[in-house]
Amino acid sequence: MTQYHNDANLRSMANAIRFLSVEAVEKAKSGHPGMPLGMADVATVLFSEFFKHDPKNPQWTDRDRFVLSAGHGSMLLYSLLYLTGYEDMTLDDLKNFRQLHSKTAGHPEYGEAKGIETTTGPLGQGLANAVGMAIAEKNLNARFGPELVDHYTYALVGDGCLMEGISQEAISLAGHLKLSKLIVLFDDNQITIDGPTSLSTSDDQKKRFQASNWDVFEADGHDYDAIRKALKQAQASKNPALIAFRTTIGFGAPTKAGSEKCHGSPLGEQEIKGLRETLQWGFDPFVIPNEILTLWREVSERSAIAFDEWAKRLRTLPEPKVKSFLEQQKKNLEPLWEKPLKDLCQKALDEKPLVATRKCSENVLNAIVPYIPQLIGGSADLTGSNNTKAGSQKPFTASDPSGNYLYYGIREHAMVAVMNGLALHGGFVPYGGTFLTFTDYCRPSIRLAALMKQPCIFVMTHDSIGLGEDGPTHQPIEHLMSLRAIPNLHVFRPMDTIETAESWDLALRTTTAPSLLALSRQNLPTLRQNAAENLTAKGGYALIDCDTPEVTILATGSEVSLAVQVQARLEKTHKILCKIVSMPCWALFDQQSEHYRQKVLEGKLLVAIEAGTPFGWQKYVGTTGLIFGIDGFGASAPAEDLYEYFGLTVEHISSKILQTLGKD
């Protein structure tokens, strides 16, 4: 850290952030000016004296990460990106704030511009993403050394981020793992949308973080020496660090500063006029004087020196180490897992095991993990039930962060957000597990993974009433359909070892979408007769085919074997030609050609079987087809009793089909 500027320069630089922010909000007639006004001083000291990045090389793997968890203050970030010289953030982009197809969305969106490290807006998500990024840094540092990996992750949070439940999960995990390169900048302005924080909370956030093994510092967020001192202390910490910056929301606004009135609404022309007078800013909207812009651009030039030094080290290190490091960063994985998976599938075809798909998934992991250094797994305290840990994996711990398995504890929501952070950081393909019903806890983070196109893999077991006696609290009913409704999420529900292996193969090859595997607790038969082609890639296919079928039965996962038994009954008793279609992934099936989909779905009567809500199957079987599912919640009983109780039996389904065909 080097102090380059006097207070006058820093004030001018901070005011550039302030006025770009309030003018963009005013032009858009919507937005949140209060936080950028309040945190501009902190951001200025951070970026001018501490933050390591290079706008000319924005994807530099050893850059510091800045996560704006309080995403409503997005103009703070956009202003910083423009001022520091990111080429794809222009003044016109700032003027286009919150407009259709603009890079400068209301809340930061990953992928819209370099320097936006993650999509934030749902409060607390960014904080948990930052924990994932800090885990990534600590792991890579342990494996490749500080000469290649040695950077900080900064997360700017507000009161709202810290009120959200995900924050407790995230800070608890971070403190336990001693993520000393994680620094949280708390905008302690004591204001939320409703008004003073005293309306809704009495928490002492500093004590809360201390209780979770964090080092905590305080500073006046408008005193440059105090900001600088606190950042130095945080960087020297052996634990993750919180800096509580006491700030004034809407700093400088003559009548709205310090109140909720400037939180989420434009200041208005008169208030901005008063702000200009208070801060002595005599320039037109969106005009940054050359001398101030030069101060900001010089910051980036100095930061670029760090990149040059890093690049020089990379060139001088031993070639095997450099090659391994660069391979680690690739998003398109080299499919070294192909032969192990092929061998696993052939063994299953030879032995025809009766095995739960969660166990199939474990077998896949045991086969492929040694070949994929980017894989980092974990579970929310259900490792033995989710079968997510391969024998070759070792845990990531505070004392040995080189491990590739995370014990997340009972923190499902943070687990998925941390996985997003790992993926966003780069160098990792994260997977994590819990029960499918607990995707209710994970859903906001799963949705963001899909929105950000991050290739996380969610291993969700105990996927139906087939889990049995744990009862309706643990039995997913509506979950599969609600997850299938999330755009850009590939939901797989495989029926046996072959489809499970194929699902994993597809998930690992996918770089622009997350994947979710819904896996059974109960044992299932091996139904596939060959594995020469990855049929799961088609999303749906004829498992048992016939010419001019009278009945076509669609099913997923554990119900495919039930469909096969129904098919055998119908052919034996009534000579009915029946086709069986396995539908492991609706999203992929919908991407197939219309001709293919029509061919798969041909049949006089279309029938769907799935141990979940019937809702949604109409898109395939139409209004005249039959759907066998569960309309209510499950129940506590042995699995076989539940299937009979809910009518998911050969006898009931066959009878209904025959009745519909007029052959009963």
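Residues numbered from 1 in each chain as written. Predicted model: local features only at pLDDT ≥ 70, side-chain atom pairs only at ≥ 80, totals over all residues. Heavy atoms only, no water.

> Help me understand the sheet that holds strand β11 (residues 457-461), please; the structure alone is not making it clear to me.
The strands making up a sheet are joined through hydrogen bonds of the backbone, oriented either antiparallel or parallel. Here we have six strands laid out as an open sheet, ordered β9-β8-β10-β11-β13-β12, and parallel in their pairing. Looking at the sheet topology across the chains shown, the edges are occupied by β9 (405-407) and β12 (490-492). Each strand axis lies, on average, 20 degrees off the axis of its neighbour in the sheet, ignoring direction. Where β11 and strand β13 (residues 515-518) come together, four bridges link them in parallel fashion. Residue pairing in the sheet places I457 in a bridge with S515 of β13. Packing against the sheet, helix α16 (residues 412-425) makes contact with β8 (375-379), β9, β10 (429-435) and β11, and its axis sits at approximately 170 degrees to β10. (Pairing = 2+ DSSP bridges. Helix = DSSP H or I, 4+ residues; strand = E, 2+ residues; numbered from the N terminus. Axes fitted to C-alpha atoms, helices over the stretch in contact; angles between N-to-C directions. Contact = heavy atoms within 4.5 Å.)

> Whenever I open this one, the side chain of T613 confuses me. Can you help?
Inspection of the secondary structure assignment puts T613 in the loop between β17 (605-609) and α23 (618-621). Discounting chain neighbours no more than four positions away, the residues touching T613 are I477, E478, M481 and I630.

> Explain the environment of A608 to me, please; I cannot follow it from the model alone.
Its location among the elements puts A608 in strand β17. For A608, a relative accessible area of 0% gives the class buried. In sequence terms A608 and I553 are 55 residues apart; their C-alpha atoms lie 5.7 Å from each other. Not counting the four nearest positions on each side in its chain, A608 is found in contact with L554, W617, V621, L626, I627 and F628. (Buried < 20%, exposed > 50% of the residue type's maximum accessible area, 1.4 Å probe, protein only.)

> Help me understand the nonpolar core in this model?
Within soluble globular proteins, side chains that are nonpolar generally end up buried alongside one another. Grouped together as the largest cluster of nonpolar side chains are 142 residues, with contacts concentrated most on F66, Y154, L185, I446, F458 and L516. Broken down by element, this core gets its largest block of residues, eleven residues, from helix α1 (residues 7-28). If sequence neighbours within four positions are ignored, L516 has contacts with L436, T439, I446, F458, M460, L483, L489, H490, V491 and F492. Formed by 50 residues, the second largest nonpolar core is a distinct cluster that contains Y541, I553, L562 and V621. (Core = buried A, V, L, I, M, F, W, Y, C linked by side-chain atoms within 4.5 Å.)

> Looking at this structure, how should I read the pattern of salt bridges?
Two side chains bearing opposite charge may form a pair once their charged atoms approach each other closely. Applying the stated criterion to the full structure yields 34 salt bridges. Put simply, K56 and E87 hold a salt bridge, and the shortest N to O gap is 3.4 Å. Within this pair, whereas K56 is found in the loop between α2 (34-50) and β1 (65-68), its partner E87 is found in the loop between α3 (74-84) and α4 (91-95), the two being separated by 31 residues in sequence. R484 is the salt-bridge partner of E610, the closest N and O atoms lying 2.8 Å from each other. Here the residue E610 occupies a position in the loop between β17 and α23, and R484 occupies one in helix α18 (residues 479-484), the gap between them amounting to 126 residues. Note on E610: relative accessible area 2%, which makes it buried. Looking at R484, the relative accessible area reads 16%, which means it is buried. The network of salt bridges with shared partners includes D463, R484, R493, E559 and E610. (Salt bridge = Lys/Arg side-chain N within 4 Å of Asp/Glu carboxyl O.)

> Hey, could you run me through the packing of α3 against helix α11 (residues 290-316) in this one?
Closest axis-to-axis distance for the α3/α11 pair is 8 Å, and the angle between their directions is 80 degrees. When the axes of α3 and α11 are compared, the pair comes out roughly perpendicular. Residues L80, Y82, L83 and T84 of α3 pack against L293, W296, R297 and S300 of α11. Tallied by class, residues from the contact of α3 with α11 come to five nonpolar, two polar and one charged. (Parallel < 35°, antiparallel > 145°, perpendicular 65-115°, else oblique. Nonpolar A, V, L, I, M, F, W, Y, C, P; charged D, E, K, R; others polar.)

> Help me understand the environment of F615 in this model?
Its place among the elements puts F615 in the loop between β17 and α23. By relative accessible area, which is 63% here, F615 ends up exposed. For the pair F615 and M481, spaced 134 residues apart in sequence, the C-alpha separation works out to 7.3 Å.

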